[in-house]
Amino acid sequence: METGEKAEKTKSQSGSAEKIRTSLFHRLLDKRMLLNPKEEMKFLLHRLIFIARISPELADKRDLGGYYEQLYQDLQRYYQGDGVTGLLLLYPSYILHIVESSNDVLFSVLRDLGHMQRQGHSALILEPRILVISHDIPNRLFQQWSYKVLSVPARRLAAAEQTESHEKLVSESLTMLMKLGVEMLKTPKRSKNSADSVLDKEPELIVPQDNIEQLLKNEALLTPLQYLDTYDCPINVVMDSGHVFGSSNPTTV
């Protein structure tokens, strides 16, 4: 009888410890729940921003918008509950794409981009590079996913701007995108023309096409295949006890 009471007491203490949630993961999850009390948090939120060159063989850029619209519908059916929000900007020669969703959805997008890379010149987009991947973001910048075909002319960069570091170009571009997201959050929810209204009203928030052209030349920005290779590659750790420092040949100690 005493043993049974101890078991019940231990079980009760264990249950209480689980409810305390002292791990960093649970603290972050609780913080997310406080920031989004009206939403059931089923996954941590991440954001992917990438750029690419549009294939010159693509006659209608809206076909690219339709391609991603169908891709996200398929992914949301497969990963039920993982909503996709963001914005696809279709320039005359380039794209800039922001995607907000779960880790599973974003890696599906990256693998789709990797498949396009392997297709070469027959793909819809060419030479994609990742501008940034932000993990565990507190909230969304966009209320839905949409795309916008831009007819803005290419703005030639001045000589001073061409000598700017790629780091500064990345920082400026991300700042403009964050400001654009904040403005779009102010539009009525589920408004189908939110991107049109904001971009028409705030054209200075559109990242210049020439910036994208310069950023695509930056080899420090990983391609999707490079990112996936790094992500999928196993970590090989050499133990200190089996290696003599200063020598390339492992030996036993």
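Computed from a predicted structure; not experimentally measured. (Residues numbered from 1 in each chain as written. Predicted model: local features only at pLDDT ≥ 70, side-chain atom pairs only at ≥ 80, totals over all residues. Heavy atoms only, no water.)

Novice: Just give me the short version of the packing of helix H6 (residues 166-185) against helix H8 (residues 209-216), but keep the residues and values in it.
Specialist: Any two packed helices are characterised by the angle at which their axes cross and by the distance between the axes. Across the interface, H6 lies against H8 with an axial gap of 10 Å and an inter-helix angle of 135°. Comparing their axes, H8 and H6 come out oblique. In this structure, H6 crosses over H8, and the sense of that crossing is left-handed. Seen from H6, the contacting residues are His166, Leu169, Val170 and Ser173; seen from H8, they are Asn211, Gln214 and Leu215. In the contact of H6 with H8, the residues fall into three nonpolar, four polar and no charged. (Axes fitted to C-alpha atoms, helices over the stretch in contact; angles between N-to-C directions. Helix = DSSP H or I, 4+ residues; strand = E, 2+ residues; numbered from the N terminus. Parallel < 35°, antiparallel > 145°, perpendicular 65-115°, else oblique. Left-handed = near helix turned anticlockwise from the far one by under 90°. Contact = heavy atoms within 4.5 Å. Nonpolar A, V, L, I, M, F, W, Y, C, P; charged D, E, K, R; others polar.)

Novice: Quick rundown of the environment of Val207? Include the residues and the values.
Specialist: The residue Val207 is located in the loop between helix H7 (194-201) and H8 in this model. Each C-alpha atom, one on Val207 and one on Leu89, is 9.5 Å from the other, the two residues being 118 residues apart in sequence. Beyond its immediate sequence surroundings of up to four residues, Val207 is in contact with Tyr91, Leu96, Ser173, Met176, Leu177 and Ile212.

Novice: Tell me what's going on with the confidence of the model for the protein chain, and back it up with residues and numbers.
Specialist: With 68% of its residues at a pLDDT of 70 or more, the protein chain has an overall mean of 79. Counted against residues more than four places away or in other chains, residues 10-21, with its pLDDT under 50, gives three contacts. (pLDDT = per-residue confidence, 0-100.)

Novice: Residue-level account of the sheet that holds strand S4 (residues 125-134), with values.
Specialist: Hydrogen bonds along the backbone pair up the strands of a sheet, which may run parallel or antiparallel. Reading across from one edge, S4-S1-S3-S2-S5 is the order of the five strands in this open sheet, with mixed pairing throughout. In this open sheet, the two edge strands, each paired with only one partner strand, are S4 and strand S5 (145-149). Taken over all neighbouring pairs, the strand axes of this sheet differ in orientation by 15° on average, direction set aside. Examined bridge by bridge, strand S2 (residues 85-90) and S5 share five bridges and lie parallel to one another. Pairing of Gly86 across the sheet is with Trp145, part of S5. In this fold helix H4 (residues 103-119) packs onto strand S1 (46-54), strand S3 (94-101) and S4, with an angle of close to 15° to the strand it touches most, S1. (Pairing = 2+ DSSP bridges.)

Novice: Report on the packing of aromatic side chains, specifying residues and quantitative values.
Specialist: Scanning all chains against the criterion turns up eight aromatic pairs. Taking the centre distance of 5.9 Å and the plane angle of 35° together, the rings of Tyr68 and Tyr72 count as tilted. Within this pair, Tyr68 and its partner Tyr72 are both found in helix H3 (residues 62-78), separated by four residues, close to a single helical turn. Judged by centre distance (4.8 Å) and plane angle (85°), the ring pair of Tyr78 and Tyr79 falls under edge-to-face. Classification of Tyr79 as partly exposed rests on a relative accessible area of 22%. Taken together, the ring pairs connect Phe50, Tyr67, Tyr68, Tyr72, Trp145 and Tyr147 into an aromatic cluster. (Phe/Tyr/Trp six-rings, centres within 6.5 Å; stacked < 30°, edge-to-face > 60°. Buried < 20%, exposed > 50% of the residue type's maximum accessible area, 1.4 Å probe, protein only.)

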